[in-house]
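As a plain string of letters, each chain reads:
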Amino acid sequence: MLPIRRATLADLPALHALIERSYRGATARRGWTHEADLLAGQRTTATALAGIIGGPAQAMLVATDAAAIVACVQLTDNGGGTAYLGQLAVDPARQAAGLGRAMIAAAEAAARDFGATTIEMTVINRRVELIAYYARRGYAPTGEIRPFPFDQPIDGLPIALVVLAKAL
């Protein structure tokens, strides 16, 4: 498996590009985990990523192949024994090869280092195949639904965020 490490500010351009091509636009459609058919516009900003990288209770983990960043995952210590996993992205050309699973495992290990006993995430409710993927990795719906805070869906149909959690 590829080496996984904490991102640094020097990684920002490559990290931002990876997230955008993994979630949005035509390039994202090469993979299966994208939001390109639901949402338009940017997925995140370099400023937001810099805040994650520099945040005391956050980490962005990256997998590298040679010098290229090919996967990432965000981890946030929410306190009270709970960590949040977000922005899992694998280069669309490298999906379905176990890299996402490895990134999840790395995030779970880092969450334990934060002292977390539970890890949670949110997934767009209309991404049933993605919810099923996480279920196969031990994440279960908590019953909580959160409003979608950002872009409006391309098709105008409502979307929300399903909260999934796993005991560590």
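Each residue is numbered by its place in its chain's sequence as written, counting from 1. Local features are withheld for residues below a pLDDT of 70 in this predicted model, meaning they are given only at 70 or higher, and side-chain atom pairs are given and counted only at 80 or more; totals for whole chains, interfaces and linings count all residues. Note that the side-chain values use all heavy atoms of the structure and ignore hydrogens as well as water.

Caption draft 1: Region of interest: the sheet that holds strand β6 (residues 140-147). Here a strand pair is declared whenever DSSP counts at least two bridges between the two strands. In this text, helices come from DSSP runs of H or I with a minimum length of four residues, and strands from runs of E with a minimum of two, each type numbered from the N-terminal end. What the 7 strands build is an open sheet, ordered β1-β2-β3-β4-β5-β7-β6; its pairing is mixed. At either margin of the open sheet sits one strand with a lone partner, and together these are β1 (4-6) and β6. On average, each strand axis in the sheet is inclined to that of its neighbour by 30°, with strand direction left out of account. In the sheet, β6 pairs with strand β7 (residues 160-167) via 5 bridges, with the strands oriented antiparallel. Only the stretch in contact is used when fitting a helix axis, every axis being a line fitted to C-alpha atoms; angles between N-to-C directions are given from 0 to 180 degrees.

Caption draft 2: Representation of the pattern of salt bridges in the model. Between Lys or Arg on one side and Asp or Glu on the other, a salt bridge is scored when a side-chain nitrogen of the former is within 4 Å of a carboxyl oxygen of the latter. One pass over the structure, following the stated rule, counts 7 salt bridges. Between Glu108 and Lys166 there is a salt bridge, with its nearest N and O atoms 3.0 Å apart. Of this pair, Glu108 sits in helix α4 (residues 99-113) while Lys166 sits in strand β7, placing them 58 residues apart in sequence. Exposure class is identical for Glu108 and Lys166. Each is buried. Taking the shortest distance from any N to any O, the salt bridge between Glu120 and Arg146 comes out at 3.1 Å. Here Glu120 is found in strand β5 (residues 118-124), whereas its partner Arg146 is found in strand β6, with 26 residues between them in sequence. Burial classification: accessible surface area is computed with a 1.4 Å probe over protein chains only, and a residue below 20% of its type maximum counts as buried, one above 50% as exposed, and the rest as partly exposed. Given a relative accessible area of 14%, Glu120 falls into the buried group.

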